[in-house]
Amino acid sequence: MRKIIVLSMITLDGLMQAPGGPGEDTEGGFIYGGWVAPYGDEVSGKVVQKEMQPTDYLLGRKTFEIWEDYWPKHANVWPGINEGTKYVLSTTLTSSDWKNSVFLDSVAAIKKLKQSDGADLQVWGSSKLIQLLLQHDLVDELRLKIYPLTLGEGKKLFGNGPIPAAFALTESVVTPSGVLIACYQRAGEVKTGSVGA
C-alpha cells in the first residue's frame, strides 16, 4: 500500500496559494505570489532537496497544468520529475503530452491507487485535492513548512475542514529565517479528556 504525503508551504493563517512566484496563481485577485522567497536559506534548501527525490505524484488539475508547462523544460532543477508518474485528479483532462501522466476521475480511483503497490504519492500544491483527501481520511503524512507571516484571503490548506484526526509530530526543524518545518504522521483517532484531571 502506498502512503499519500502532503507537502505544503503555508502561512500562520494556513494560506497556501502561490508560494513560488507572482504569476503562479492569481485566482481571486491574489496579489502576494512568491511570498516564500524572502525566507530561503541553506536549511530549507536542504529539506527541499530531500523532498525532491524521485517518487510518484498525486496532483489536482490546476497544479498539474502549472507543472506541465514548467517542469519538462526545467528538469535539471528537479531530477526525476519527468520520470515519476503524475496521477491527476480531473473530470475535464484525460490526456497530456507530458510523459508518465495518468488521469483519475474520482475519490474511488484514488483509494484504489493508494491500495496498489508502488512508490509513495507526494501531493504538492493542489489545495482542493488536499481538502478532498483530508475529508476522506486518505492523508498519511503532512510535511508542512510554516512561514512566519499572515496573508488573509486566499486558498487555505484546511479550507473546508478535514474529518477529525490525530497526527504525531515525527520530526521538526526551525530555519534561521524562522520557518518551522514539521512532519506529522497520521496517528489514529482524536482523544479527549479533562485538563488537570
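Below or above, wherever it landed, is the structure these notes cover. All of these numbers come straight from a predicted model, not from anything done at the bench.

**Focus on the pattern of salt bridges**
- Taken as a whole and assessed by the stated rule, the structure comprises 13 salt bridges.
- When the shortest N-O distance is used, the salt bridge between Glu-42 and Lys-46 registers 3.4 Å. In this pair, Glu-42 and Lys-46 are both assigned in helix 1 (residues 42–51), four residues apart and thus about one turn of the helix distant.
- Under the relative-accessibility criterion, Lys-46 is labelled exposed at 55%.

**Some points on the nonpolar core**
- Formed by 23 residues in total, the largest nonpolar core has its most connected members in Ile-4, Leu-58, Ile-110, Val-123 and Leu-133.
- Sorting the residues of this core by element identifies strand 1 (4–11), strand 3 (86–89), helix 3 (107–115), strand 5 (121–124), helix 4 (127–135) and strand 6 (141–147) as the ones contributing at least two each.
- Looking at which element gives the most residues to this core, the answer is helix 4, with four residues.
- If we ignore the near neighbours within four places in the chain, the residues touching Val-123 are Ile-4, Ile-5, Val-6, Leu-7, Leu-58, Leu-129, Ile-130 and Leu-133.
- In terms of nonpolar packing, the next biggest core, distinct from the first, is built from 14 residues, Tyr-57, Trp-67, Trp-98 and Phe-103 among them.

**Digging into the environment of Leu-138**
- On the secondary structure map, Leu-138 appears in the loop between helix 4 and strand 6.
- Distance in space between the C-alpha atoms of Leu-138 and Ile-110 is 8.8 Å, their sequence separation being 28 residues.

**A closer look at helix 1**
- Ser-44, Val-47 and Glu-51 are the residues of helix 1 that are buried. Take helix 1 and look down its axis: the buried residues cluster within an arc of 60 degrees, on one side only. Along helix 1, the residues that are exposed and aim more than 90 degrees away from the buried face are Glu-42, Lys-46 and Lys-50.
- Between a side-chain oxygen at the N-terminus of helix 1 and the backbone nitrogen of Val-43 the separation is 3.2 Å; the capping residue is Asp-41.

**Considerations on the sheet that holds strand 6**
- The strand order across the open sheet built from eight strands is 4-3-2-5-1-6-8-7, with neighbouring strands paired in mixed fashion. Strand pairing shows two members of the sheet lacking a second neighbour, strand 4 (101–104) and strand 7 (167–174), which therefore form its edges. Across this sheet, the average inter-strand angle for adjacent strands is 20 degrees, counted without regard to direction.
- Relative to strand 8 (residues 180–186), strand 7 runs antiparallel, the two being bridged by seven bridges. Each bridged residue has a counterpart across the sheet, and for Val-174 the counterpart in strand 8 is Leu-180.

How each quantity is defined
- Residues numbered from 1 in each chain as written.
- Predicted model: local features only at pLDDT ≥ 70, side-chain atom pairs only at ≥ 80, totals over all residues.
- Heavy atoms only, no water.
- Salt bridge = Lys/Arg side-chain N within 4 Å of Asp/Glu carboxyl O.
- Helix = DSSP H or I, 4+ residues; strand = E, 2+ residues; numbered from the N terminus.
- Buried < 20%, exposed > 50% of the residue type's maximum accessible area, 1.4 Å probe, protein only.
- Core = buried A, V, L, I, M, F, W, Y, C linked by side-chain atoms within 4.5 Å.
- Contact = heavy atoms within 4.5 Å.
- Arc of directions from axis to C-beta.
- Polar contact = N/O pair within 3.5 Å; in protein donor to acceptor, adjacent residues only side chain to side chain.
- Pairing = 2+ DSSP bridges.
- Axes fitted to C-alpha atoms, helices over the stretch in contact; angles between N-to-C directions.

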